[in-house]
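# Results of the structural survey
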Amino acid sequence: SQTIHQWPATLVQPVGSPLSLECTVEGTSNPNLYWYRQAAGRGLQLLFYSVGIGQISSEVPQNLSASRPQDRQFILSSKKLLLSDSGFYLCAWKPAGGSYEQYFGPGTRLTVT
Amino acid sequence: SQQGEEDPQALSIQEGENATMNCSYKTSINNLQWYRQNSGRGLVHLILIRSNEREKHSGRLRVTLDTSKKSSSLLITASRAADTASYFCATEIVYNTDKLIFGTGTRLQVFP
């Protein structure tokens with residue numbers, strides 16, 4: 001069966017510090033991968049998605065970047081965090097090439113102080 | 001504005017009552033999906049309804065889709081306290097199966 005992991009679960013970082021959030025998927029190959037951000041009490045904002053290694057689509061221009069160095073690994077990064085980067089970050093995957101549901105990880109709660 | 005917007009934003013009911021949430025969207029879709037999120041957790045997929053379907057059932061869940069009105073509803077029958085969560089609709093738009101656009105969500109509180 002497939003499993004998606006995210007770490008860390010919680011993170012408190014000062015403004016101006018770098019960020020690296022990691023997401024890995026097990027039990028499937030060539031998945032589509034997604035990063036979402038959720039502000040408190042709000043809906044999900046799609047940040048980035050990837051349909052293959054090295055292929056990244058950016059949905060919202062901002063202070064963040066994403067990379068996919070391996071088939072089942074998706075990394076969200078920032079060189080310098082802003083207060084507005086605080087939120088709940090969710091990684092998700094779905095099988096490629098068709099209309100399927102997405103499977104979500106447990107999320108990372110990021111607080112920028 | 002959002003591709004998917006749910007209403008109401010919040011709903012409080014007693015156990016045993018039915019809960020109905022609505023979702024409206026703007027562009028043509030391949031399918032519409034409903035997800036549930038418990039507080040502080042990831043989302044869990046509930047049901048997917050394709051654009052050529054009008055109604056779908058899964059256990060106590062009933063989803064309808066009206067493509068002429070660009071709207072969908074999620075009905076939870078005989079609600080339980082454990083149904084307390086946020087519920088989101090998400091649309092897969094035509095010609096792009098790679099991503100979903102999520103709505104703003106409905107927060108459901110079921111009191112025992």
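The rules behind the values
Residues numbered from 1 in each chain as written. Chains lettered and ligands numbered in written order. Predicted model: local features only at pLDDT ≥ 70, side-chain atom pairs only at ≥ 80, totals over all residues. Heavy atoms only, no water. Phe/Tyr/Trp six-rings, centres within 6.5 Å; stacked < 30°, edge-to-face > 60°. Helix = DSSP H or I, 4+ residues; strand = E, 2+ residues; numbered from the N terminus. Buried < 20%, exposed > 50% of the residue type's maximum accessible area, 1.4 Å probe, protein only. Lys, Arg positive; Asp, Glu negative; His and termini not counted. Salt bridge = Lys/Arg side-chain N within 4 Å of Asp/Glu carboxyl O. Polar contact = N/O pair within 3.5 Å; in protein donor to acceptor, adjacent residues only side chain to side chain. Contact = heavy atoms within 4.5 Å. Pairing = 2+ DSSP bridges. Axes fitted to C-alpha atoms, helices over the stretch in contact; angles between N-to-C directions. Nonpolar A, V, L, I, M, F, W, Y, C, P; charged D, E, K, R; others polar.

### Some words on the packing of aromatic side chains
- In the structure shown here, the tally under the stated rule is 9 aromatic pairs over all chains.
- Arranged with centres 5.5 Å apart and planes meeting at 35 degrees, the rings of Tyr36(A) and Phe104(A) form a pair that is tilted. Note that Tyr36(A) is positioned in strand E4 (residues 32-38) and Phe104(A) in strand E10 (residues 103-104), a separation of 68 residues in sequence.
- For the pair Phe104(A) and Tyr35(B), a centre-to-centre distance of 5.8 Å together with 80 degrees between the ring planes defines the contact as edge-to-face. Within this pair, whereas Phe104(A) is found in strand E10, its partner Tyr35(B) is found in strand E4 (residues 29-37), the two belonging to separate chains.
- Put simply, the rings of Tyr34(A), Tyr36(A), Tyr49(A), Phe104(A), Tyr35(B) and Phe102(B) pair up and form one aromatic cluster.

### Details of the side chain of Glu6(B)
Residues and elements named next belong to chain B.
- Mapped onto the secondary structure, glutamate 6 falls in strand E1 (residues 5-7).
- For the buried residue glutamate 6, which engages in no salt bridge, the nearest side chain bearing the opposite charge is arginine 107, 10 Å off.
- A distance of 2.8 Å separates the side chain of glutamate 6 from the backbone nitrogen of threonine 104, its partner in a polar contact.
- Within polar-contact distance, the side chain of glutamate 6 engages the backbone nitrogen of glycine 105 at 2.8 Å.
- Ignoring anything within four residues of it in the chain, the contact list for glutamate 6 reads Asn22, Cys23, Trp34, Tyr87, Phe88, Cys89, Gly103, Thr104, Gly105 and Thr106.

### Considerations on the sheet that holds strand E3 (residues 19-24) of chain B
Residue and element names in this part refer to chain B.
- Taking strand neighbours across the sheet as the criterion, the 5 strands line up as E1-E3-E8-E7-E6 in an open arrangement whose pairing is antiparallel. Each edge of the sheet is formed by a strand with only one pairing partner; in this case those strands are E1 and strand E6 (55-58). Along the sheet, successive strands turn relative to each other by an average axial angle of 20 degrees, direction set aside.
- Direction of pairing for strand E7 (residues 61-66) relative to strand E8 (residues 71-76): antiparallel, over a ladder of 6 bridges. Looking at E8, one finds that arginine 62 is bridged to leucine 75.

### A look at the interface of chain B and chain A
- Listed by partner, the interface residues are 23 residues for chain B and 24 residues for chain A.
- A salt bridge links Glu59(A) to Lys99(B); its shortest N-O distance comes to 2.8 Å.
- The interface formed by chain B and chain A includes 9 residue pairs in polar contact (both at pLDDT 80 or more).
- Within the residue set of the side of chain B that touches chain A, elements represented by two or more residues are E4, strand E5 (43-50) and strand E9 (85-93) of chain B.
- Ranked by residue count, the leading element in the side of chain B that touches chain A is E4(B), at 5 residues.
- Its residues assigned to classes, the side of chain B that touches chain A shows 6 nonpolar, 11 polar and 6 charged.

### Overview of the sheet that holds strand E3 (residues 19-26) of chain A
Residue and element names in this part refer to chain A.
- In space, the 4 strands of this open sheet follow the order E1-E3-E8-E7, with antiparallel pairing throughout. Each edge of the open sheet carries a strand with a single partner, namely strand E1 (3-7) and strand E7 (65-70). In this sheet, adjacent strand axes meet at a mean angle of 20 degrees when their direction is disregarded.

### Concerning the pattern of salt bridges
Residue and element names in this part refer to chain B.
- Applying the stated criterion across every chain, the model contains 7 salt bridges over all chains.
- When the shortest N-O distance is used, the salt bridge between glutamate 53 and lysine 56 registers 3.9 Å.
- Three or more residues joined by partner-sharing salt bridges are found here, namely Arg36, Arg60 and Asp83.

### Looking at unusual backbone geometry
- Across the junction of Trp7(A) and Pro8(A), the peptide omega takes the value 0 degrees, indicating a cis bond.
- Relative to the elements of secondary structure, Pro8(A) occurs in the loop between E1 and strand E2 (10-13).
- Between Asp7(B) and the following residue, Pro8(B), the backbone shows a cis peptide bond with an omega angle of 5 degrees.
- Of note, Pro8(B) is situated in the loop between E1 and strand E2 (10-14).
- Notably, Asn30(A) is not glycine yet its phi reads approximately 50 degrees, a positive angle.
- On the secondary structure map, Asn30(A) appears in the loop between E3 and E4.
- A positive phi angle, close to 45 degrees, is found at Ala78(B), a residue other than glycine.
- As for its position among the elements, Ala78(B) is in the loop between E8 and E9.
- Given the relative accessible area of 38%, Ala78(B) is considered partly exposed.

Bear in mind that shape data such as this cannot, by itself, settle questions of function.
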